[in-house]
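# Commentary on secondary and tertiary structure
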Amino acid sequence: MDALKSMLSPLGMNTGAIQDTLKLVVIGGTVETARRASVSAWNGFVDSFFLTAHFSQEDYPYDWLMHWLSKQPAWGRSREFEITTRSVGRNGMNQSTTGDLDDDEQVDDDEDGLVHGRRKRKVAFMPSLDTTHTIYYRGHWLRITRTKRYPDYGHGSSLKISVVARNNDILKKLVLEAKREYEKDAEHRVHIFLADTTYGCWRWNGARQKRPMSSIVLQPGVKDMLLADCRDFLCSEEWYAERGIPFRRGYLLHGVPGSGKTSLIHSLAGELGLDIYVVSLSSKGMSDNTLTTLMGHVPSRCILLLEDLDAAFTRSVSRDATSTGAPTVPTSAPAAAAETTDGSTLSLSGLLNSLDGVAAAEGRLLFATTNHIERLDPALSRPGRMDVWVNFTHATKWQAEGIFKCFFPYKPSAAAGSTPSDDPSQKNLPVPKRKTTHAIPLLSEDEISELAKKFAAAIPEDELSVASLQGYLLKNKTRPQECVDEVDEWIIQERETREKLKKEKAEREAKEKKEAEEKEKKEKEEKESKEKEEKEAKEKLERKEARMKAKKALRAAEVSKSDTSVPATPTTPTETAPAAVAPAESSASASESSAQNSESENSTGADADTEESVTSEEDDSDKAEEVTEEGKKEKWVAVKGQVGAPAAELAS
């Protein structure tokens, strides 16, 4: 400092201000250095002792952690939160927290939580985004931050959890505990995934309540056979690998509409604890590459569902026994091309390769449904692709009796009131959380069995679908006795309705056929008239061209004759020669004009003979032109005579 003072003193500057500035620079540099050193030390400490785990919303652990956090008291007591009514997570379960707001005044008078047919909205307090929250877990403080990776699109959340620990055992325990609680609460649900053809991925569509196997009434032994076959396949991965067989299994459910094919698949998924991945082969944008990509991303243990396989390559809304999926009314080529061009380029070869090709997924259960098995290609329904075939028919008397018992439970006896149900499918069913709103009279087991037998006796064999029976029972779900008494009248109404629909369909088809024939006849007539008009116009144009050529040839002949017939003017020594020549020239020109007129008439007549179709109007026009030409020639002769007369008078 002294040296600096000695250097600045000769300059005569204020050394006090400079000294203060230098002091501030030194102090600021020291503070900044200390800050950077502390930050570096803290980062080193965090890297050494803090463990950080990241969870993305596109994966299942994110759902596990969010479901676990919603049950933590500290998560609901956050100091910074969002108030929302959309507290349903991606898993379909309500993620309620301890800080949720309930309306206690309306709970007493409405136990079902319904207001005018709509459920009450629950106000939830959710921790805010981009805010760090602290939760104490098993002797460790967890720092949790929830952020959005794509704020502009409203999705793509991520979760970050940090904890001070030497190893990641605490995070492993946290994830496993969250997974167990999630699976326990989601035990009664089946997750549905749909194919997204735009991005070639699977999109979560929701979670549905499991359906008990006892609610599916099929022919005796069908359910047990399918369930045993599925379980045996899921446990035979090593057996397939030892024998070099692809670890895939296909089931083809075919039969009449409304016979319970899709319901059986839903029930099997709930019983086996598998998710359902649905592919619509006729969706817009579906192609061979897209389907192959989707099949490659299917998980190993799931149910892959292909619904209505017979309508995969059609664009029609009618799939009865006589139609082939094509429109009944023929359309023009441009309109048909515009209707069928919807971006779907899926081919049968691409479908077959995606099912059991080299890149096809293994470990999945493939279920395909169809109403017309005869329309499927043999290569698609052969063993290896569709190993098990199950035929679904209309309801039988045995099925009608079983469905009736499912709708109307009997009153348990005093001895068996405390015994649990022997049906294994009832173990995974959710326990009802509220009282039922339908007052169903509880009858004894004998009474229900007697009513079920009467109901089954009234149902005709293999005539009505299971869906129609279910619809009738739904309308009478609180009246078991009246349901049996009115079943005969309902059957008569169903038959009348079917006959009416059949008659209307026949009339509609006849009308469409008649309209198509009339339209075809009209188009044919229009086409013939158009061709006739084009032919007449072409002939008229040809005649006009021939006439123009004849006129041009005639005019050329007249010009050549007029050039050759005009004589040279002679020079005479007498004064009366011009006067004598003029009458001679006028008479010669008159004779020449008459000769030319006769020649033109002869040529015109010859041309007319060569032309087969010349109208009278065209002949009149030709004659008018000839008269005009004759008048011009006579006028020219008269003028020439008048010019010669004054010359003779002057000479005399």
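Let us look at the structure shown here. What you see is a predicted model; the values in this text were computed from it and never measured. (Residues numbered from 1 in each chain as written. Predicted model: local features only at pLDDT ≥ 70, side-chain atom pairs only at ≥ 80, totals over all residues. Heavy atoms only, no water.)

## A few points about the nonpolar core
Convention followed: For this analysis, a nonpolar core means a set of buried residues of the types Ala, Val, Leu, Ile, Met, Phe, Trp, Tyr and Cys, connected via side-chain atoms within 4.5 Å. The buried label goes to any residue with under 20% of its type's maximum accessible area, the exposed label to any with over 50%, and the partly exposed label to all in between, with areas taken from a 1.4 Å probe on protein chains only. Only DSSP runs of H or I with at least four residues qualify as helices, and only runs of E with at least two residues qualify as strands; both kinds are numbered from the N terminus onward. Whether two residues are in contact is decided by their heavy atoms: any pair within 4.5 Å suffices.
Formed by 30 residues in total, the largest nonpolar core has its most connected members in Leu 264, Ile 276, Ile 303, Leu 365 and Phe 367. Contributing elements (two or more residues each) for this core: strand S9 (189-196), helix H6 (222-234), strand S11 (249-255), helix H8 (261-272), strand S12 (276-279), strand S13 (303-306), strand S14 (365-370) and strand S15 (388-392). Element by element, the count of residues in this core is highest for H6, at six residues. With residues up to four places along the chain from it excluded, the contact list for Ile 276 reads Val 190, His 191, Ile 192, Phe 193, Ile 265, His 266, Ala 269, Ile 303 and Leu 305. The next biggest cluster of nonpolar side chains, apart from the first, holds 27 residues, and it includes Leu 309, Leu 351, Leu 352 and Ala 368.

## Thoughts on the sheet that holds S13
Strand pairing in a sheet is mediated by backbone hydrogen bonds. Such pairs are either parallel or antiparallel. Just so we agree on the cut-off: Pairing between strands requires that DSSP locate at least two bridges from one strand to the other. Simply put, an axis is a line fit to the C-alpha atoms, just over the touching stretch for a helix, and the angle between two N-to-C directions goes from 0 to 180 degrees.
Taking strand neighbours across the sheet as the criterion, the seven strands line up as S10-S9-S12-S13-S14-S11-S15 in an open arrangement whose pairing is mixed. Every interior strand has two partners, whereas the edge strands, strand S10 (201-209) and S15, have only one. Neighbouring strand axes in the sheet, compared pairwise and without regard to direction, differ in orientation by 25° on average. Taken together, the four bridges between S13 and S14 define a ladder with parallel strand orientation. Note that in S14 the partner of Ile 303 across the bridge is Leu 365.

## Considerations on the environment of Thr 197
Which entries qualify depends on this criterion: Whenever a nitrogen or oxygen atom comes within 3.5 Å of another N or O atom, the pair is scored as a polar contact, on the condition that within protein one atom can donate a hydrogen and the other can accept it, and that pairs from neighbouring residues in sequence are kept only if both atoms are in side chains.
Within the fold, Thr 197 resides in the loop between S9 and S10. Along the sequence, Thr 197 and Thr 293 sit 96 residues apart, while their C-alpha atoms lie 9.8 Å from each other. The residues contacting Thr 197, other than those within four sequence positions of it, are Ser 283, Lys 284, Gly 285, Met 286 and Thr 290. A polar side-chain atom of Thr 197 sits 2.9 Å from the main-chain carbonyl oxygen of Lys 284.

## Here we look at the pairing of S10
Pairing of S9 with S10 involves eight bridges; the strand directions are antiparallel. When the bridges of S10 are listed, Leu 194 appears paired with Arg 203. The antiparallel hairpin formed by S9 and S10 contains four residues in its connecting segment, where Gly 200 sits at a positive phi of about 65°.

## Remarks on helix H9 (residues 288-296)
Residues that lie three or four places apart on an α-helix share one face, since the helix turns once every 3.6 residues. As a reminder, the rule being used: An arc is given here, and it is the one of the directions from the helix axis to the C-beta atoms.
Taken as a whole, H9 has its buried residues at Thr 290, Leu 291, Leu 294 and Met 295. Down the axis of H9, the sector holding all buried residues measures 130°, keeping them to one side. The secondary structure elements touched by the buried residues of H9 are S9, S10, S12, S13 and helix H11 (348-356).

## Observations regarding helix H13 (residues 397-407)
Along H13, the positions that sit buried rather than exposed are Gln 399, Ala 400, Glu 401, Gly 402, Ile 403 and Phe 404. Residues of H13 that are buried make contact with helix H14 (445-458), helix H15 (466-475) and helix H16 (480-485).

## Considering the packing of aromatic side chains
We count it as follows: Aromatic pairs are defined between Phe, Tyr and Trp rings, using the six-membered ring for Trp, whenever the two ring centres lie within 6.5 Å; interplanar angles under 30 degrees are classed as stacked, those over 60 as edge-to-face, and all others as tilted.
Per the stated rule, a full pass over the model turns up 14 aromatic pairs. Aromatic side chains Trp 202 and Tyr 277 sit 5.1 Å apart centroid to centroid with 90° between the ring planes, which places their arrangement in the edge-to-face category. Taken as a pair, Trp 202 in strand S10 and Tyr 277 in strand S12 lie far apart in primary sequence, 75 residues in all. The same class applies to Trp 202 and to Tyr 277, which are both buried.

## Concerning the pattern of salt bridges
Note the cut-off: The term salt bridge refers to a side-chain nitrogen of Lys or Arg lying within 4 Å of a carboxyl oxygen of Asp or Glu.
Evaluated as defined, the whole model comprises 16 salt bridges. A salt bridge links Arg 35 to Glu 32; the shortest N-O distance between them is 2.7 Å. Here Arg 35 and its partner Glu 32 are both found in helix H2 (residues 15-49), three residues apart, which amounts to about one turn of the helix. Judged by relative accessible area, which is 44%, Arg 35 ranks as partly exposed. The class for Glu 32 is partly exposed, based on a relative accessible area of 28%.

## A word on unusual backbone geometry
Backbone geometry at Arg 138 places phi at a positive 50°, although glycine is not the residue there. Tracing the backbone through its elements, the reader meets Arg 138 in the loop between strand S6 (132-137) and strand S7 (140-150). In this structure, Asp 308 is a non-glycine residue whose phi angle is positive, near 50°. Checked against the element boundaries, Asp 308 lands in the loop between S13 and helix H10 (333-340).

## Focus on the pairing of S12
To keep it simple, the criterion reads: Orienting the strands away from the viewer, one traces the path from the first strand over the helix to the second; a clockwise path indicates a right-handed crossover.
Because side chains alternate across S12, one face comprises the buried residues Ile 276 and Val 278, and the other comprises Tyr 277 and Val 279, equally buried. Judged from the three bridges that link them, S9 and S12 form a sheet pairing that is parallel. Looking at the pairing, Phe 193 lines up with Tyr 277 of S12. Between the parallel elements S12 and S13, the chain passes through H9 in a crossover that is right-handed.

## What to know about the packing of H9 against H11
Rule in force here: Oblique is the label for any angle not under 35 degrees, not over 145, and not in the 65 to 115 range, which are roughly parallel, roughly antiparallel and roughly perpendicular in turn. Here a crossing is called left-handed whenever its near helix is offset anticlockwise from the far helix by less than a right angle, and right-handed whenever the offset is clockwise.
At a minimum axis distance of 9 Å, the contact between H9 and H11 shows a crossing angle of 15°. Considering the angle they form, H9 stands roughly parallel to H11. The way H9 lies across H11 gives a crossing that is right-handed. Contact residues: Asp 288, Leu 291, Thr 292 and Met 295 in H9; Gly 350, Leu 351, Ser 354 and Leu 355 in H11.

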